[in-house]
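Structure at a glance
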Amino acid sequence: MRHVDLRRAAVFHAVAAAGGIAAASPRLGKSPPAVHHDLKAFEREMGRPLFDRVGRGLRLTAAGQALFETVGRALDEVERTRERLSRADPALRPLRLAVVSAFGRYRLAPRLYAGLPADRPIELVFGAHEAVLSAVATGAVDLGVTYRPVVAAPVQSAPVAREELVLAVPIGMAIPEDLADLSRTTFATYDEYEFVFGRWFETVFGAQPDALRRLDHAGEIEEAMESCAAGRGAIIAPLDLVSSAGWRDRVRIVRPAGRPLCFNALHLLGLGAALASPDADTIRSLLAQTGDGENP
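Rules and cut-offs
Residues numbered from 1 in each chain as written. Predicted model: local features only at pLDDT ≥ 70, side-chain atom pairs only at ≥ 80, totals over all residues. Heavy atoms only, no water. Helix = DSSP H or I, 4+ residues; strand = E, 2+ residues; numbered from the N terminus. Contact = heavy atoms within 4.5 Å. Areas by Shrake-Rupley, 256 points an atom, 1.4 Å probe, with all protein chains shown as cover. Pairing = 2+ DSSP bridges. Core = buried A, V, L, I, M, F, W, Y, C linked by side-chain atoms within 4.5 Å. Buried < 20%, exposed > 50% of the residue type's maximum accessible area, 1.4 Å probe, protein only. 1 Å grid on protein atoms, 1.4 Å probe; cavity = no way out; pocket = protein on both sides within 12 Å on 5 of 7 lines; lining within 4 Å. Points joined across faces, edges and corners; volume = space filled by probe spheres on them. Nonpolar A, V, L, I, M, F, W, Y, C, P; charged D, E, K, R; others polar. Right-handed = clockwise from strand over helix to strand, strands pointing away. Axes fitted to C-alpha atoms, helices over the stretch in contact; angles between N-to-C directions. Parallel < 35°, antiparallel > 145°, perpendicular 65-115°, else oblique. Left-handed = near helix turned anticlockwise from the far one by under 90°. Polar contact = N/O pair within 3.5 Å; in protein donor to acceptor, adjacent residues only side chain to side chain. Phe/Tyr/Trp six-rings, centres within 6.5 Å; stacked < 30°, edge-to-face > 60°. Lys NZ or Arg CZ within 6 Å of the ring centre and 35° of its normal. Expected span 1.5 Å × (residues − 1).

So, on to the overall build of the protein. Looking only at helices and strands, one finds 11 helices and 11 strands in the protein. Across its three principal axes, the protein shows a C-alpha extent of roughly 65 × 50 × 35 Å. Within the protein, contacts between residues at least 6 apart in sequence are counted, and of these 73% link residues at least 24 apart. For the protein, the accessible surface area stands at approximately 14,400 Å², while carbon and sulfur atoms represent 53% of it.

Okay, structure coming up:
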């Protein structure tokens, strides 16, 4: 069964409503090229043209008009369902949440299980950024927490916490002190490591190393941590993960002297007004217990 990308459907709806890509771009918080890319991808999904170009604007084809009305009804239904659920007794419905893996497992999940009433059901899903975003956009969960802001309607985001990103090396490995050392160091990597590694290097050194020697790569960050702990390479990862019980005695955290610390913002995601819901307030409260909720 083929599934429609609801984010691209929302982009299509916004462009049709605005009458063009340039007019829709500010409303979506995306650049015109990005909007154009999503629009062409959505047309390919539908298998037919949805717009005719008229001067500098766009006009819906017959198929586009029918789809515009259908997508509009779907977005309205998502919002009505969200409002209905937000008015329901929270104790009678589960908290459905998707969270990026390391942050979810090592900081948020323990606080959720300890902080929510014992009879409140929790449905918790872990994944990479795109999986979290998709779960929120399709309504599979009510809220998400991820490390990137989202500006594509209908999903909204707001900073909710931050985490420190650190360099960790196996016990016994020489401590790298500068970019030249790091260019000679072997690393264990994981899916989406480019974002984490890139942010750490830019924040701490203001530049990227000349080369990155990747030895092991794993889909999940926990497996990459096992590679590091086994002495096979260094890693850049969230402090919550590196300092957890499974690895804190097997790796060494390195904070280069005289260099700034690296913090990464975590963002709460939701559809419509979900970010103002009681569940969103609960998550903010749990993360603020030790100052985690402050903006970076």
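Additional details are given in the paragraphs that follow.
This part is about unusual backbone geometry. The backbone phi angle of E192 is positive, close to 70°, even though this residue is not glycine. Checked against the element boundaries, E192 lands in the loop between strand 7 (186–190) and helix 8 (193–205).

Bringing the pairing of strand 1 (residues 51–54) into the picture now. Bridge analysis of strand 1 against strand 2 (residues 57–60) gives 4 bridges, and the strand direction is antiparallel. Looking at the pairing, V54 lines up with G57 of strand 2. Hairpin geometry of strand 1 and strand 2 is characterised by an intervening segment of 2 residues between the two adjacent antiparallel strands and by a positive phi of about 60° at G55.

Turning our eyes to something else, we now look at the nonpolar core. Grouped together as the largest cluster of nonpolar side chains are 34 residues, with contacts concentrated most on L97, F103, L108 and V145. Elements that contribute at least two residues to this core include exactly strand 3 (95–100), helix 5 (101–115), helix 6 (129–137), strand 5 (143–146), strand 6 (155–170), strand 11 (262–271) and helix 11 (278–287). Leave out the neighbours within four places in its chain, and V145 touches L97, A98, V99, V100, F103, L108, V132, V160, L266, H267 and L268.

Once that is clear, we can look at the layout of surface pockets. In this model, the largest pocket occupies a volume close to 310 Å³. Lining the largest pocket we find 17 residues, and of these S101, Y147, Y190, D191 and E192 sit closest to its centre. Of the residues forming the lining of the largest pocket, the biggest block, 3 residues, is contributed by helix 5. Considered class by class, the residues forming the lining of the largest pocket number 10 nonpolar, 3 polar and 4 charged.

Attention now goes to empty space enclosed by the protein. Following the criterion strictly, the structure yields 1 cavity of 30 Å³ or more and no others. Taken as a whole, the largest cavity spans an internal volume of roughly 70 Å³. Around the largest cavity, the lining is made up of 13 residues, and of these W200, V204, R255, P260 and L261 lie nearest the centre. Taken together, the residues of the lining of the largest cavity break down into 10 nonpolar, no polar and 3 charged.

Another point: the pairing of strand 8 (residues 213–218). When strand 7 meets strand 8, the two strands line up parallel, connected through 5 bridges. Bridge pairing in strand 8 links T189 to H217. Following the chain from strand 7 across helix 8 to the adjacent parallel strand 8, one finds a crossover that is right-handed.

Here we come to the packing of helix 1 (residues 6–18) against helix 2 (residues 21–28). Viewed as axis vectors pointing N to C, helix 1 and helix 2 meet at an angle of 125°, and their least axial separation amounts to 8 Å. With respect to helix 2, the axis of helix 1 lies oblique. Relative to helix 2, the crossing made by helix 1 is right-handed. Judged by residue contacts, V11, A14, V15 and A18 of helix 1 engage I21, A23, A24, R27 and L28 from helix 2. Residue classes in the contact of helix 1 with helix 2 are distributed as 8 nonpolar, no polar and 1 charged.

The subject of this paragraph is the environment of S183. Among the structural elements, S183 can be located in helix 7 (residues 179–184). Separated by 27 residues in sequence, S183 and D210 have C-alpha atoms that sit 6.0 Å apart. Only 3.2 Å separates the side chain of S183 from the backbone nitrogen of D210, close enough to count as a polar contact.

This paragraph deals with the packing of aromatic side chains. Counted by the stated rule, this structure contains 9 aromatic pairs. A ring pair is formed by Y193 and F197, whose centres lie 5.2 Å apart and whose planes are at 80°; its orientation type is edge-to-face. One end of the pair, Y193, and the other, F197, are both in helix 8, 4 residues apart, so they sit about a helical turn from each other. Through successive ring pairs, a cluster of aromatic residues spans F187, Y190, Y193 and F197. Directly above the ring of F263 sits R162, whose terminal nitrogen or CZ lies 4.0 Å from the centroid.

We now examine helix 3 (residues 32–46). Here helix 3 is 15 residues long and its end C-alpha atoms lie 21 Å apart, about the 21 Å a rise of 1.5 Å per residue gives. Taken together, the buried positions of helix 3 are occupied by V35, D38, L39, A41, F42, E43 and E45. Of the residues trailing helix 3, G47 is marked for its positive phi of about 80°.

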